[in-house]
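Structural characterization, general
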Amino acid sequence: MADDARTASKIKFHFQDIAARIIQNIRSEAESEAHQILRSYPGNENPKDASQAAAKIYGISTQSSTGVIYVMDRATERGFTYGNPEWANFGQGAPEVGHIEGCMDKPTEIPVDHASLEYAPTSGIKPLREAVAHLYNDLYRQDKSSQYTWENVCIVPGGRAGLTRVASVIGDIVVGHFLPEYTAYEQMLGIFKRFVPIPTVLEEEAKYHIDPQTIKKEIIGRGLGLIVASNPRNPVGQVIEGEELKEMVEIARTRHTTLVMDEFYSAYIYSHPPEQNGRTVSISEFVDDVNHDPVVIIDGMTKNMRLPGWRVCWVVGPKSVITSLESSGSFLDGGANHPLQKAAIPLIEPSKYRNEAKYLQQHFRAKRDYVLENLREIGFNIKVPPEATFYIWLDVSELPEPINNGLAFFEECLKEKVILVPGIFFDVNVFIYSLFGTLSLPIAVNFSNLRAIILSDSRSGPSRRNLKKDWLVSNA
């Protein structure tokens, strides 16, 4: 009887703990200025409030913006401008576009012939499609009898356009994706109603890693017909490579599940010794038959060639998929810029591409190490250091209240002219998404601003200020 009473007591207190957490979360949002600012933006309203408010324009729904767009809008309202040295921009998901030692200097003037004034085909011009196919065959498929041709390539006006085209041709199936993940996935997958998107939450203890067994389990357990994933992984900075990628292709082939792989950071990998700089990663290395294996790849000039403003990207996959994407492009986006497609052709010659990757990795590895060192000196406990990309997934839950959630910390950062992306946009609000892609070395001023957020006495009384100092000492 005594044991039963103790058990009942534990259950009671367990329910009390859960109820207390729920109440605290409700109060936290209701009392948080940061949350109220977020909810004031179109598309980010509290669901209860949104359901009570009538649409202003009949038949038009309001879509929320992605995290990066939101934080840049908020920063601009606070006075941020590009090139302003007073601001530390850890929030823009783009690479540094200026000169990097050893890398090609990118064109600043583009010749435009008369033919380029015409529309390009919605699947892209044939010479660029041929150049992309040759790049993949040279980098990853020299020993394969099945080779990509121009008919396996579709040129698209940006990565989101590529993802949207793919989503528009997905049939009545269950689609899997992972959290945390690139924020556009969840929004893009939610627009098209033919398929059912199901997220899978990855664990910090496993370093947010997607392994073949997880893929197989999700396919069997949830009946997935297609999986969308980034590799290297945005925002957690991890990478799947080698035998694991090979096994994933085999699982997809035998289980009749299509893999859609976002490989925009395929050259931003640091999992190898520096003397191996220049190697890149792609699932295309393990495709046996380019027209029958269910593997679709999205990449482009945006990240690996550091030309985000060009919006020239591509989708590589079976011919039948490319035909469908060509059709969807005719009503979705109309195709990529014609003159810039021509300008892209010489830049992706394989030897140039390898050299670009070599010096890009040298440069961004140094930036990653510098940023990690400074964040650790400030006191952040970085539990999953990035092995790829230019992102760092930061846990702020150990910071003192009220800056121990991502959204509140983000708003405090803006006051010190520091831009980060709160994890709420990845459905995890105790994390911050920190980027070092656009930053140039040395960047000590950026960390001075970030350090000031922890030690600042401009917004907090003595008790909170001492708590911050105590936190720094305990985490040093």
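Conventions and cut-offs
- Residues numbered from 1 in each chain as written.
- Predicted model: local features only at pLDDT ≥ 70, side-chain atom pairs only at ≥ 80, totals over all residues.
- Heavy atoms only, no water.
- UniProt positions renumbered as here; feature names shortened; annotations may be inferred.
- Pairing = 2+ DSSP bridges.
- Helix = DSSP H or I, 4+ residues; strand = E, 2+ residues; numbered from the N terminus.
- Axes fitted to C-alpha atoms, helices over the stretch in contact; angles between N-to-C directions.
- Contact = heavy atoms within 4.5 Å.
- Left-handed = near helix turned anticlockwise from the far one by under 90°.
- Nonpolar A, V, L, I, M, F, W, Y, C, P; charged D, E, K, R; others polar.
- Salt bridge = Lys/Arg side-chain N within 4 Å of Asp/Glu carboxyl O.
- Buried < 20%, exposed > 50% of the residue type's maximum accessible area, 1.4 Å probe, protein only.
- Core = buried A, V, L, I, M, F, W, Y, C linked by side-chain atoms within 4.5 Å.
- Polar contact = N/O pair within 3.5 Å; in protein donor to acceptor, adjacent residues only side chain to side chain.
- Phe/Tyr/Trp six-rings, centres within 6.5 Å; stacked < 30°, edge-to-face > 60°.
- Lys NZ or Arg CZ within 6 Å of the ring centre and 35° of its normal.

Per an unreviewed UniProt entry, the protein goes by Aminotransferase class I/classII large domain-containing protein and derives from Umbelopsis vinacea. What UniProt states about the protein under its Sequence similarities (unreviewed entry) heading is, verbatim, "Belongs to the class-I pyridoxal-phosphate-dependent aminotransferase family." Taken verbatim from the UniProt record of the protein, the Cofactor (unreviewed entry) comment is "pyridoxal 5'-phosphate".

Moving on, we get to the sheet that holds strand 8 (residues 313-316). Here we have seven strands laid out as an open sheet, ordered 2-8-7-6-5-3-4, and mixed in their pairing. Each edge of the open sheet is held by one strand with a lone partner, namely strand 2 (153-156) and strand 4 (196-201). Between one strand and the next, the sheet's axes are offset by a mean angle of 20 degrees, whatever the strand orientation. Sheet analysis places strand 2 next to strand 8, joined by four bridges and oriented antiparallel. The partner of Ile155 across the bridge, within strand 8, is Trp314. Helix-sheet contacts for helix 8 (residues 212-222) involve strand 3 (174-179), strand 4 and strand 5 (224-230), and the interaxial angle to strand 5 is about 145 degrees.

Contact pair helix 4 (residues 67-77) / helix 13 (residues 406-415): the axes reach a minimum separation of 10 Å and the direction vectors enclose 35 degrees. Here helix 4 runs over helix 13; the crossing is right-handed. Together, Tyr70, Val71, Arg74 and Ala75 of helix 4 and Phe410, Glu411 and Leu414 of helix 13 make up the contact between the two elements. Along the lines of polarity and charge, the residues of the contact of helix 4 with helix 13 split into five nonpolar, no polar and two charged.

All told, the structure shown has 21 salt bridges when counted by the stated rule. For Arg74, the salt bridge goes to Glu411, with nearest N and O atoms at 2.8 Å. Of the two residues, Arg74 sits in helix 4 while Glu411 sits in helix 13, which places them 337 residues apart along the sequence. In this pair, the class of Arg74 matches that of Glu411, namely buried. Between Asp333 and Arg165 there is a salt bridge whose closest N-O contact spans 2.7 Å. Separated by 168 residues along the polypeptide, Asp333 in the loop between helix 10 (319-332) and helix 11 (338-344) and Arg165 in helix 6 (residues 159-168) bring together distant segments of the chain. Members of the salt-bridge network, linked through shared partners, are Lys144, Arg253, Asp288 and Asp293.

Now for the nonpolar core. One finds Val132, Met301 and Trp314 to be the most contacted residues of the largest nonpolar core, which totals 73 residues. If you tally residues by element for this core, the top one is helix 5 (residues 126-140), at seven residues. Counting 56 residues, the second largest nonpolar core, distinct from the first, contains Val166, Leu372, Ile378 and Leu399.

Before going further, it helps to examine the environment of Thr254. Relative to the elements of secondary structure, Thr254 occurs in helix 9 (residues 243-255). A residue is classified by how much of its surface remains accessible, and Thr254, at 59% relative accessible area, is exposed. In this structure, the C-alpha to C-alpha distance between Thr254 and Asp293, residues 39 residues apart in sequence, is 9.6 Å. Within the local environment of Thr254, its side chain forms a polar contact with the backbone oxygen of Glu250, the two atoms lying 3.0 Å apart.

Applying the stated criterion across every chain yields a total of 14 aromatic pairs. Ring centres of Tyr268 and Phe364 lie 5.0 Å apart, and the angle between their planes is 85 degrees; on these two criteria the pair is classed as edge-to-face. Pair noted here: Tyr268 is in the loop between strand 6 (258-262) and strand 7 (295-300) and Phe364 is in helix 12 (residues 350-378), with a separation of 96 residues, a long-range link. The buried category is assigned to Phe364, whose relative accessible area is 0%. When the centroid spacing of 5.9 Å and the interplanar angle of 35 degrees are considered together, the rings of Phe364 and Phe390 count as tilted. One end of the pair, Phe364, is in helix 12; the other, Phe390, is in the loop between helix 12 and strand 9 (391-395), and 26 residues separate them in sequence. There is no split in this pair, since Phe364 and Phe390 are both buried. The structure contains a cluster of three or more aromatic residues connected by ring pairs, namely Tyr265, Tyr268, Phe364, Phe390 and Tyr391. Its guanidinium or amino end placed over the ring of Tyr148, Arg141 lies 5.3 Å from that ring's centre, counting from NZ or CZ.

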